[in-house]
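Residues per chain, in single letters:
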Amino acid sequence: MGKGFFISKVVAVVCVVVAISAVATIIALSVVYAQEKSKNQETPATATTGTTAGPGTQTTTPSTPKEPWQHYRLPDSLSPISYNVTLWPRLTPNPDGLYIFSGYSTVLFTCVNETDLILIHSNKLNFTMFDGYHAQLKAMDGASAPQLKKSWLEVPTQYLVIQLSSPMQAGSTYELFTEFVGELADDLGGFYRSEYYEDGVRKILATTQMQPTDARKAFPCFDEPAMKAVFHMTLIHPHGTVALSNSMNYEPINITTPDGLNLIQTSFGPTEIMSTYLLAFVVCDFGFIQSDLGAEVLIRIWARRKAIDEGQGAYALEKTGPILSFFEKYYKIPYPLKKSDQIALPDFSAGAMENWGLITYRETALLYNPAVSSNGDKEWVATVISHELAHMWFGNLVTTRWWNDLWLNEGFATYVSYLGANYTEPDWNMSDLIVLNEIIGVMAVDALASSHPLSSKEADVMRPEDINALFDSITYSKGAAVLRMLSSFITEEVFSNGLSMYLEEFKYKNTVYQDLWKNLQTAVDNAGIQLPHSVEVIMNRWILQMGFPVVTIDTSTGKISQKHFLLNPDSVVDVPSEFNYEWFVPITWIKTGAAKDQYWLLTKEATNPDMTIGASEWLIANIDMKGFYRVNYDSENWDRILTKLSTQHQAIPVINRAQIIDDAFNLARAKIVSTTLALSTTRFLNAELEYMPWQTATRNLDYFVLMFDRSEVYGPMQGYINKKVTPLFKHFKDLTANWTKIPEKHTDQYNQVNALSWGCSTGVEGCKELTTAWFKEWMDNPDNNKISPNLRTTVYCSAIAEGGVVEWDFAWGMYRNATIASEAEKLLYALSCTKQPWLLNRYLEYCLVPEMIRKQDATFTINYIAGNPIGQPLAWDFIRANWDHIFNNYGGGSMSFGRLINGVTKRFSSEFEYKQLLQFKEDNINQLGSAASSLEQALERTKANMDWLALNKKLVFDWFTNEISGRV
């Protein structure tokens, strides 16, 4: 096992010689890039003289593809074996003001089926021309390769197309050599640049984000998950910088270019066989901390030098080793690599990326400073690290064949990330918090008729934009929820055994979801567990059809029924299901507090006599929300549950207290129960101190805030919440010795934020004065912020809302100067809380100026502003006015269009707003990209909101009015 920086200088000699010989060509190639960038509309290249030329293209792909290069999927005629890639990123702009990289690549591949065509992915690369062609082909083992006949770039499908004069032979091996230049853009996709300031000095680094389809932006490659290969990487970079990649580096060497530049060349050992989307490389001048030299796996945490010096990487280093050890035991397979580098990047589109051996993170997902970061920041670091490390086996060692099964990769990593985090932080109760963090939220999305199944047909997921659209909450959170349910009814031990067999059978290979079901079934059989059907038959109903059921239990008769749960019961489900939207439902339940045997609902209706109850009994189903379904009861049982909540709420498990609230509110929105019943589930909150029920109530009442904060209902609603939260506010005031201490319990620290947030927003006596005073104290002494990190988001928001331009400008200045990403993120949100429209408009304009707000943060910031009732119409106008700019300049991974549409439209509840949405769809029909499905969801949600308001506005007004004038 590697225990240090270097492997061996000797092993790298061949790579070094080849790399040096190409430096002159790389330099020459880069000179023409600025001119060639504009030549992307030429005709296919044929044989010419000359050494370099711009790429030829064909720019139209018919709706019914006729030629192989008009298909988005690669043919099965070629299979890569290995790549040798050398890249030189320029960290200073060229005379045309462009940042570029240049390089060359040799891919060794086998011809599986005889063909006279080479299709290899390439996007936004400009190629050296060899005798008029984009590449050179060589046959191995002394054979002769076919002559090139024609080559061009097929832009719509992102291919380099090479036609040959005669076919390559099946079973033979060939090498394809290319030289190219690309832009080191700031678009957060492929090989890109990130910028930051340290001690007033502007710094540039080069980094990557390949998933899902951007490796082709760095070098030509067979860019599909099943096209696994071994990668040999070499990076040329300036002195004072370090180069990182998936494998351990050989000892760097000094080189001198023909024009006298002194550079460093770093080559890396061969990777394990893996998919292109897992490749990563970084050139930076970061610092690092590492595990003890005697450790079996070298663990290094990389970040800005100042962040490392301040100890912000210490928590990540402390937890990575134990989490890796947990997963080694969980999977029963050793960690496959010699090292695990983790690097925090100033600009990064996702939370993190599981590149094998070099995991990339947003700074907020890896760095933690106990003096400034909140417990929520700490939890995020632990769960994201756990998520990414889970992928080292599930996703990297074994990879799904195509993106239609992305849910299996991401849903699984999401589920077990809570197991890993729970192992390393046992006092946090992370295995319960998955309910709040993942399951409850995604149920609201999956209850829409515009949702989608977890697993799609391969033919339905072809284009890059189709693939990108799958990176949503259904894939991650519902995937986690149904796997958690499966693990529950077959037991976690059997689930783990099945995973181990699956990973052992398919390591370094690709799979489909049925392969997992097969291995889990073997584990179930080995354990002697009896199921009503096979694992595959049960689970197919959960992954091959969208949505989930509402299970209705009549406790007077024992009758149980299921129905596809839709938030808007009038919406039309126009996607057929082979299962007719019925599920095999594992029902766990308690009767008057006593656990009963699990019951399987296998038909639309059934009867279980045991589920009848007497006059003094009560029944609750779906214990700890292990099942992915909602539960409704007969009115008598609902009354008994409400009575129990009011008199002895702790007799009901805490997760089920949260579940009762969430189910009731969603059933009410679906017109299955009355809205007053849902509101009645919050009456007991004045006696509730636990976080999960309060947080669930908060989320559901937030919907009421969205619907009513511009109407006369808002006043009495605020009065009601004030009555409920006042005891909680006083409880935490006492528990924290008048807000001077931090609660010991993890979830109490979260609930303290609820007490303060609701307290200030509903006018609990003394709350606003408290937050305003804390903020003013900080303004008076900016170098000494005494506000508790856990409370900063709430305090900043409250104070900025109460203040004006002075407070806003102060917070903006502190954001601009923040050296800790989590602190910057809190300020970024709080700045959206102002009630001054002109400040919100100015803030929106900043969102499209990367020097003011990083591209990675633009989506979140616009959505934060839209969350402010004053900012919402401003944000919607801004999006519509700037959509063309946003779509064309913030694509490629830097902005989630779907998230943007969801955030800006969540308040929509009028016919006028619905028509505006339709007009927006019509105006931008050809440039919606990954936002297309979110726009459909927004239209459906707006219709549901309109219907709900028409039915409930007066009723809700009367209920809140009666509650504040009478009972508490």
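Residues numbered from 1 in each chain as written. Predicted model: local features only at pLDDT ≥ 70, side-chain atom pairs only at ≥ 80, totals over all residues. Heavy atoms only, no water.

### Points about the overall build of the chain
Here's step 1: Within the chain one finds 30 helices and 32 strands.
Here's step 2: Computed over the C-alpha atoms, the radius of gyration of the chain is 29 Å, within 12% of the 30 Å expected from 2.2 N^0.38 for a compact globule of 968 residues.
Here's step 3: With respect to the principal axes defined by its C-alpha atoms, the chain has extents near 90 × 65 × 60 Å.
Here's step 4: Going through the 968 residues of the chain one by one, you find that 61% of them count as buried.
Here's step 5: Sequence-distant contacts, at least 24 apart, represent 74% of the contacts inside the chain between residues at least 6 apart. (Helix = DSSP H or I, 4+ residues; strand = E, 2+ residues; numbered from the N terminus. Rg over C-alpha atoms; globule rule 2.2 N^0.38 Å. Buried < 20%, exposed > 50% of the residue type's maximum accessible area, 1.4 Å probe, protein only. Contact = heavy atoms within 4.5 Å.)

### A word on the sheet that holds strand 30 (residues 605-607)
Here's step 1: What the 4 strands build is an open sheet, ordered 30-25-24-32; its pairing is mixed. Lying at the two open borders of the sheet, with one neighbouring strand each, are strand 30 and strand 32 (630-633). On average, each strand axis in the sheet is tilted by 20° relative to the strand beside it, whichever way the strands run.
Here's step 2: Running over the sheet, helix 16 (residues 654-669) touches strand 24 (549-554) and strand 32 and is turned about 80° from strand 32. (Pairing = 2+ DSSP bridges. Axes fitted to C-alpha atoms, helices over the stretch in contact; angles between N-to-C directions.)

### Observations concerning the nonpolar core
One recurring pattern in soluble globular proteins is that nonpolar side chains are buried together.
Here's step 1: In terms of nonpolar packing, the biggest core is built from 298 residues, with Tyr-330, Trp-517 and Ile-587 touching the most fellow members.
Here's step 2: Sort the elements by how many residues they give to this core and helix 18 (residues 691-708) lands first, with 11 residues.
Here's step 3: Those residues within four positions of Tyr-330 in sequence are excluded, and the remaining contacts are Phe-412, Tyr-415, Val-416, Leu-419, Glu-492, Phe-495, Ser-496 and Leu-499.
Here's step 4: Listed in part, the 5 residues of the second largest apolar core include Trp-88, Ile-253, Ile-255 and Leu-263. (Core = buried A, V, L, I, M, F, W, Y, C linked by side-chain atoms within 4.5 Å.)

### Describing the pattern of salt bridges
Here's step 1: Under the counting rule described, the total for this entry stands at 44 salt bridges.
Here's step 2: With a closest N to O distance of 2.9 Å, Arg-216 and Asp-223 form a salt bridge. Each of the two residues, Arg-216 as well as Asp-223, counts as buried.
Here's step 3: Salt bridges sharing partners connect three or more residues here, namely Arg-73, Glu-224, Arg-401 and Glu-458. (Salt bridge = Lys/Arg side-chain N within 4 Å of Asp/Glu carboxyl O.)

### Some words on the state of the cysteines
Here's step 1: Within this structure, the stated rule accounts for 2 disulfides.
Here's step 2: Between the sulfur of Cys-760 and that of Cys-767 lies a disulfide, 2.1 Å long from S to S. Handedness of the Cys-760-Cys-767 disulfide follows from its S-S torsion of about -90°: it is left-handed. Each member of the pair Cys-760 and Cys-767 is classed as buried.
Here's step 3: Paired through a disulfide, Cys-797 and Cys-833 show a sulfur-sulfur distance of 2.0 Å. Residues Cys-797 and Cys-833 are joined by a disulfide whose S-S torsion is about -105°; by sign, that bridge is left-handed. Of this pair, Cys-797 sits in helix 22 (residues 792-802) while Cys-833 sits in the loop between helix 24 (821-830) and helix 25 (837-846), placing them 36 residues apart in sequence. Both residues of the pair, Cys-797 and Cys-833, belong to the buried class.
Here's step 4: Each disulfide in the chain links cysteines that, numbered along the sequence, combine into the pattern 1-2, 3-4.
Here's step 5: Not part of a disulfide, Cys-847 finds its nearest cysteine sulfur in Cys-833, a span of 14 Å.
Here's step 6: Judged by relative accessible area, which is 0%, Cys-847 ranks as buried. (Disulfide = S-S within 2.5 Å.)

### A closer look at the sheet that holds strand 17 (residues 287-290)
Here's step 1: The sheet built from 5 strands is open, its strands ordered 17-18-19-21-20 with mixed pairing. At either end of the open sheet lies a strand with only one pairing partner, and these are strand 17 and strand 20 (352-353).
Here's step 2: Looking at chain direction, strand 20 and strand 21 (residues 358-362) are connected through 2 bridges and run antiparallel. Across the sheet, Ala-352 pairs through a bridge with Tyr-361, a residue of strand 21.

### Structural notes on the packing of aromatic side chains
Here's step 1: Scanning the model with the defined rule gives 67 aromatic pairs in all.
Here's step 2: Both rings, one in Trp-407 and one in Trp-517, keep their centres 6.2 Å apart while their planes meet at 45°; by these two values the pair is tilted. You can see Trp-407 sitting in helix 8 (residues 406-424) and its partner Trp-517 sitting in helix 13 (residues 513-527), a full 110 residues away along the chain.
Here's step 3: Trp-517 gets classed as buried once you look at its relative accessible area, which sits at 1%.
Here's step 4: Centroid distance Trp-812 to Tyr-846: 4.7 Å. Interplanar angle 35°. Geometry classified as tilted. Of this pair, Trp-812 sits in helix 23 (residues 805-817) while Tyr-846 sits in helix 25, and the two are 34 residues apart along the sequence. For the pair Trp-812 and Tyr-846, one class covers both residues: buried.
Here's step 5: Here the basic side chain of Arg-90 rests over the ring of Trp-88, its NZ or CZ set 3.4 Å away from the ring centre.
Here's step 6: When the ring centre of Tyr-703 is taken as origin, the NZ or CZ atom of Arg-669, which lies over that ring, is 3.6 Å away. (Phe/Tyr/Trp six-rings, centres within 6.5 Å; stacked < 30°, edge-to-face > 60°. Lys NZ or Arg CZ within 6 Å of the ring centre and 35° of its normal.)

### With respect to a nonpolar patch on the surface
Here's step 1: Taken together, the side chains of Val-805, Val-806 and Trp-838 present a nonpolar region at the surface, about 280 Å² in accessible area.
Here's step 2: Mapped onto the elements, Val-806 comes out in helix 23. (Patch = residues over 30% accessible without salt bridge, like charges linked within 9 Å, V, L, I, M, F, W, Y side chains within 5 Å. Areas by Shrake-Rupley, 256 points an atom, 1.4 Å probe, with all protein chains shown as cover.)

### Here we look at the domain arrangement of the chain
Here's step 1: Domain boundaries in the chain define domain 1 (70-284), domain 2 (399-544), domain 3 (548-678) and domain 4 (687-966).
Here's step 2: Using only C-alpha atoms to locate each centre, domain 1 and domain 3 end up separated by 55 Å. (Domains from an automatic or database assignment.)

### Observations concerning the pairing of strand 11 (residues 201-209)
Here's step 1: Counting buried positions over the 9 residues of strand 11 gives 7, a clear majority of the element.
Here's step 2: When strand 10 (residues 190-198) meets strand 11, the two strands line up antiparallel, connected through 9 bridges. Paired with Tyr-192 across the strands is Thr-207, a residue of strand 11.

### Re the environment of Pro-65
Here's step 1: As for its placement among the helices and strands, Pro-65 is situated in the loop between strand 1 (57-58) and strand 2 (78-89).
Here's step 2: Accessibility expressed as a relative area gives 30% for Pro-65, which makes it partly exposed.
Here's step 3: Between the alpha carbons of Pro-65 and Gly-411 there is a distance of 33 Å; along the sequence they are 346 residues apart.
Here's step 4: Residues contacting Pro-65, with those up to four places away along its chain left out, are Gln-70 and His-71.

### A few points about the UniProt feature "site: Transition state stabilizer" (unreviewed entry) in the chain
Here's step 1: Those residues carrying the UniProt feature "site: Transition state stabilizer" (unreviewed entry) are Tyr-476 in this numbering.
Here's step 2: Looking at where Tyr-476 falls in the secondary structure, it is placed in helix 11 (residues 473-490).
Here's step 3: Those residues in contact with Tyr-476 that lie beyond four places of it in its chain are His-387, Glu-410, Gly-411, Thr-414 and Phe-471. (UniProt positions renumbered as here; feature names shortened; annotations may be inferred.)

### Remarks on helix 16
Here's step 1: Between its first and last C-alpha atoms helix 16 spans 23 Å; for 16 residues at 1.5 Å apiece the expected length is 22 Å, and the two agree.
Here's step 2: Within helix 16, 15 of the 16 residues are buried, leaving the element largely enclosed by the surrounding structure. (Expected span 1.5 Å × (residues − 1).)

### A short note on the packing of helix 8 against helix 12 (residues 492-506)
Angle between the axes and distance between the axes: these two values describe a pair of packed helices.
Here's step 1: Closest axis-to-axis distance for the helix 8/helix 12 pair is 14 Å, and the angle between their directions is 135°. Judged by the angle between their axes, helix 8 and helix 12 are oblique. In this structure, helix 8 crosses over helix 12, and the sense of that crossing is left-handed. Between helix 8 and helix 12, the contacting residues are Leu-408, Phe-412, Tyr-415 and Leu-419 on the first element and Glu-492, Phe-495, Leu-499 and Tyr-502 on the second.
Here's step 2: Residues belonging to the contact of helix 8 with helix 12 are distributed by class as follows: 7 nonpolar, no polar and 1 charged. (Parallel < 35°, antiparallel > 145°, perpendicular 65-115°, else oblique. Left-handed = near helix turned anticlockwise from the far one by under 90°. Nonpolar A, V, L, I, M, F, W, Y, C, P; charged D, E, K, R; others polar.)

### Re the side chain of Thr-106
Here's step 1: Examined against the element boundaries, Thr-106 turns out to sit in strand 3 (residues 100-111).
Here's step 2: Once residues lying within four places of it in the same chain are set aside, the contact partners of Thr-106 are Ser-82, Tyr-83, Asn-84, Glu-175, Leu-176 and Phe-177.

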